[in-house]
Amino acid sequence: MENSFEKSLNQLEDIINKLENEDVSLDESIALFEKGVKLSNDCRKTLETAEQKIISLTEAESEE
């Protein structure tokens, strides 16, 4: 099963493609943009958390 990061990233890519390549109404464009911003923020937070884990593991390994 696809994890939530990959799922969010794929949804974000779909939104970008739809906004770039399809004729969508202003209301739909705004709704898609809002969803895209939320997905982007979720992905950023996931990456920041992963980065912190990597830093912690690397620091713990170098202390041994």
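Residues numbered from 1 in each chain as written. Predicted model: local features only at pLDDT ≥ 70, side-chain atom pairs only at ≥ 80, totals over all residues. Heavy atoms only, no water.

## Digging into the pattern of salt bridges
So, point 1. Under the definition given, this model contains three salt bridges.
So, point 2. The closest approach of N and O atoms between Asp42 and Lys38, which form a salt bridge, is 2.9 Å. Taken together, the residues span about one helical turn, with Asp42 and Lys38 both in helix α2 (residues 26–63) at a distance of four residues.
So, point 3. Relative accessible area serves as the criterion here: at 53%, Lys38 is assigned to the exposed category.
So, point 4. Ionic pairing is found between Glu48 and Arg44, a salt bridge with its closest N-O pair at 3.2 Å. Residue Glu48 and its partner Arg44 are both found in helix α2; the two are separated by four residues, about one turn of the helix.
So, point 5. The exposure class assigned to Arg44 is partly exposed, which follows from its relative accessible area of 38%. (Salt bridge = Lys/Arg side-chain N within 4 Å of Asp/Glu carboxyl O. Helix = DSSP H or I, 4+ residues; strand = E, 2+ residues; numbered from the N terminus. Buried < 20%, exposed > 50% of the residue type's maximum accessible area, 1.4 Å probe, protein only.)

## Topic: the side chain of Ser8
So, point 1. Looking at the element boundaries, Ser8 is found in helix α1 (residues 4–21).
So, point 2. Once you skip the residues sitting within four places of it in the chain, Ser8 turns out to touch Leu39 and Cys43. (Contact = heavy atoms within 4.5 Å.)

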